[in-house]
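# What the coordinates show
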Amino acid sequence: MTLTRGLILFIALLGGVPQVGLAQETAIRIGVLSHRGDAATLRNWGPTADYLSSQLPGYHFTVVPLEFEEVEPAVAYRRVDFVLVNSGMYVDLEVRQGVSRIATLNNRHGEQSYNTFGGVLITRIDRTDLATIESLRDQSFVAVNLHSLGGFQMQWREMQASGLDPWKELAGIDFANTHDAVVRRVLAGDADFGAVRTNILERMIEDGDLAPGSVRVIASLPTEGFPLEVSTRLYPEWPFAKTSATANALAQRVAVALMQMPHDHPASLSGRHAGWTVPLDYQAVHDLFQELGIGPYSKPRFTFDDVISKYRGAFIAGGLMLGLLVLLSGWIAHLNRKLDEAKRGIQSRFELILEAVGDGVSGVDTNGTITFVNPEMVRLTGWSIDELIGRSQHDLLHHSHVDGRPYPKRDCPVGATFRDNRPHHVDDEVFWRKDGSSFPVEYASAPLRDREGKVLGAVIVCRDISARKAAEEEQRRHLTEMAHVSRLSTMGEMASQIAHELNQPLSAITNYAGACIRRLQDDRADRDSLLEAMQLLSTQAHRAAQIVRQIRDFIRKRDPQRGPIEINALVVQTAQLVSVEAGRAGVDIDLDLAETLPSMNGIVIELEQVVVNLLRNAIEAVGHNPTDQRRITVRSTLHTDEVIHIEVSDNGPGMDPTALNDAFTPFYTTKRSGMGLGLAISRRIVEAHGGRLWAEVEAGGGATFHIDLPSAVTEARDVA
Amino acid sequence: MSPDQAVYVVDDDAAVRDSMRWLMDSVGLRVEAFDSGEAFLRAISPENSGCVVLDLRMPGLGGLDVYAQLRERGIDLPVIVVSGHGDVPIAVRALKSGVADFVEKPFKDQELLDCVQQALRRDAEQSLQRLRREELTTRYRTLTPRELDVLRLVVDGQANKAIGATLGISQKTVETHRARVMEKMAAGSVSELVRMTLIIESQG
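What counts and how
Residues numbered from 1 in each chain as written. Chains lettered and ligands numbered in written order. Predicted model: local features only at pLDDT ≥ 70, side-chain atom pairs only at ≥ 80, totals over all residues. Helix = DSSP H or I, 4+ residues; strand = E, 2+ residues; numbered from the N terminus. Buried ≥ 20, exposed ≤ 12 C-beta atoms within 10 Å, placed from the backbone. Contact = placed C-beta atoms within 7 Å. Arc of directions from axis to C-beta. Core = buried A, V, L, I, M, F, W, Y, C linked by C-beta atoms within 7 Å. Pairing = 2+ DSSP bridges. Axes fitted to C-alpha atoms, helices over the stretch in contact; angles between N-to-C directions.

## Description of the overall build of chain B
Within chain B, the regular secondary structure consists of nine helices and five strands. For chain B, the α and β elements follow one another from N to C terminus as β-α-β-α-β-α-β-α-β-α-α-α-α-α. Classification of the 204 residues of chain B by burial places 32% in the buried group. Contacts spanning at least 24 positions in sequence make up 61% of the contacts within chain B whose residues lie at least 6 apart.

Next up, the structure:
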């Protein structure tokens, strides 16, 4: 998607929405099962919320401790966006509320990390009579909660599997609600045995809440690779889950942030876990629920038959009333939820698009004051949201040109946007970062209007184009280098011509000087003839110097400068450079130049090189003709005031039309000498000047090479 | 140099031609300059004497083409080929084909002048030899067929008796013819007569 189209989309989105306070951070709530008490929950999981806030700019994550019974309503009424609950509750919520796991906890025991856990049956150390599940019959049982997976349900499954129905064959079941309370009541002798999840005893001992050797594990199972004592099968650790209302894009970012959390991150350490891993398969938990017929798989556990028959009338009346109430409140809740969903939907869609876009987006009012920015804009500029909102965009980001010259606000294209009420696109300016550095930027600025069409300000969509600029620079530098090598190579091929050309004036100089010396030696020197000889000699010295200068001009400069170029002058000069070669080959070069041509901008020696290449190819081509039929024409014309056209045509044998394109590939050559780079480089040079180079075969033999180049007029128009 | 000798300079470069004229003039040599091989070949004839300074690389007829045409036309003026850098193989070929000398540009003026002087001397010698040969040939042509027969056998080193037997004439008759040959050819001895015959036969 182009920047401009992206911008149009934004305008469309913004159209119906009044100024939205994007500057405020969005609050994201993580509901965490508080199985060891709220204080422990906040202490253990608060740092994880902080970590997520730091990883996802624009969001503020908080931990909401939830009792077992509070979890489902919190999810159902959208009081939380994410939940971190035990695996059993998760499976329940997955089925009933459509939550989805995005990561599984890696627990930690000492240096070891593991992502499964189990349940432990414990008793006081002195109760040696309790060793097997069978021995628990008729004993009193304290567990954490009916919904606690590791603190009740796992143990229930194992007892049932051993043929012991805890509901019927124990002295009683009591729920203490936290693991720590279960341990305390077992220690106090309030219950004969208790159920807690793995790693609770170890942590209590570590925290000094439990004396080592004061409790014993009942029915301990050997479990390979699991570092703790356990009485049940193992189940996947707690998952981090998103609710159905939470956007997938946000969830993905949270998941990535969690996975990227280092195992030794402070948030992991305080949670006593070892970071997060990809979400595990929770089928083992489903199996447990199915086996016990609880959770999502619950069946009516007892019948109301007796009750119904006894209080039939009252029951029916109450039932009807209750049904009506339920219907009404259900309807209200449904309406509420719909409204809530709609509102959140609009807001989150809008925010998510702003976040998802890889371009910086900001809005300014008609004073140029920033009213909103997206996270990418924050990333690009280094300024925080608070530092950006309410400040003048131009003064903050756009105050100077790249060379440090001040950029007056009246020249700013963003300001122009709401003056002329049309979009502006710029790709040759810089934005300034908080740290004082700048980056090349491409941006589009479009007017932001309200429904009546009144201009409220402008939206700016920008991207950092440093990489693109650097690539362009590198490409240009490479071409310059290649062109230089090619010029040296051309010069090498022309070396003997050049030497010959230099030899002529040098021989003449030697002769004139010798003549003068001999006349002086022989006293036959008359002043006038000596003077004449010296003048002739001097002329030849200048001629030699001129040749040297031409060569130097042709090969000099690894870093040539751009400047205005007169094409006709360039053609004349290059024709002169190859005139010796042409003369030797008996070739006439005709120049047919346009009377007036606009100048163009470019690198003169590179374009000279192109014309030299074409002329030398033509000289070689016509070499196949009889001596008196070797003709080359260079023509310059002007098309529509904007395109300068140069043609180099010869009356040689022409080219095989199929070879026309090959001729432009590097290292293609039909000559014995030379690198075969001439045409390839010529084409790249012309293209780097915004032009075109192509060849045509003439019907009556001969080839014509065409060059189109943009005149300075064209460039000026493009810039305007 | 003899007064009718000239240095024929053939070069397409006007400055080179003009400066050659100056240089040759400074040592009293006469220069005739031509801007192309074609123009030179039109002007030159076997009667001319002197030497040719010929540029190897010229548009149109190159130096070696000009040289070949000269020899074809029986013009044996000594030829000095002036070549540019990198033309050594061509120059070697030129020397093998009989070119008198070869100067590489850029040359020292003295070097060129030395070559020219040497060529002119050679031309003068060749002129003398040419004159002598012409004189001998004239005399030779006055011999009768029978005298020519006797001459060949004398030069072959045969005695009068053997010559008489070969030609079927008397020894005395042989002696008479032999005396006439010596007289007509103005030869003082048999060995001189042998040398004269070699000179005549060396022609063409």
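What follows continues from the structure just given.
## With respect to the overall build of chain A
A count of helices and strands for chain A gives 25 helices and 26 strands. Out of the 720 residues in chain A, the part that is buried amounts to 38%. Of the contacts formed within chain A by residues at least 6 apart in sequence, a portion of 71% connects residues at least 24 apart.

## Some remarks on helix α6 (residues 145–155) of chain B
All names here are of chain B. Taken together, the buried positions of α6 are Val 150, Leu 151 and Val 154. Viewed along the axis of α6, the buried residues span an arc of 105°, placing them on a single side of the element. Exposed residues pointing more than 90 degrees away from the buried face of α6 are listed as Pro 145 and Arg 152. Each element contacted by the buried residues of α6 is listed here: α7 (160–167), α8 (171–185) and α9 (190–202). In the segment just after α6, Gly 157 is the residue with positive phi, at about 90°.

## A few points about the nonpolar core
Grouped together as the largest cluster of nonpolar side chains are 47 residues, with contacts concentrated most on Val53(B), Leu54(B), Ile80(B) and Val116(B). With eight residues, the single largest contributor to this core is helix α19 (residues 495–521) of chain A. Among all residues touching Val116(B), those that are not within four sequence positions of it are Val7(B), Leu29(B), Cys51(B), Val53(B) and Ile80(B). Formed by 46 residues, the second largest nonpolar core is a distinct cluster that contains Phe82(A), Met89(A), Met154(A) and Phe240(A).

## Here's the deal with unusual backbone geometry
With an omega dihedral of -5°, the bond running from Lys105(B) to Pro106(B) counts as a cis peptide bond. Secondary-structure assignment places Pro106(B) in the loop between β5 (101–104) and α5 (109–140). For Asp138(A), which is not glycine, the phi torsion reads 70° and is therefore positive. Structurally, Asp138(A) is set in the loop between β7 (119–124) and β8 (140–143). Of the residues examined, Asp138(A) has 10 C-beta atoms within 10 Å and is grouped as exposed. Even without being glycine, Asn421(A) reaches a positive phi, approximately 60°. Turning to its location among the elements, Asn421(A) is positioned in the loop between α17 (413–420) and β17 (424–432).

## Brief notes about the environment of Glu134(B)
Along the chain, Glu134(B) turns up in helix α5. C-alpha separation for the pair Glu134(B) and Ile199(B), spaced 65 residues apart in sequence, amounts to 9.7 Å.

## Description of the sheet that holds strand β1 (residues 5–10) of chain B
Residue and element names in this part refer to chain B. The five strands lie next to each other as β2-β1-β3-β4-β5, forming an open sheet whose pairing is parallel. Strands at the two margins of the open sheet, each flanked by one partner only, are β2 (31–34) and β5. With direction set aside, neighbouring strand axes in the sheet form an average angle of 20°. Inspection of the sheet shows β1 paired to β2 by four bridges, in the parallel sense. Bridge pairing in β2 places Val 10 opposite Phe 34. Here helix α1 (residues 14–26) sits on the sheet and contacts β1, β2 and β3 (49–55); the angle it forms with β2, its principal contact strand, is near 170°.

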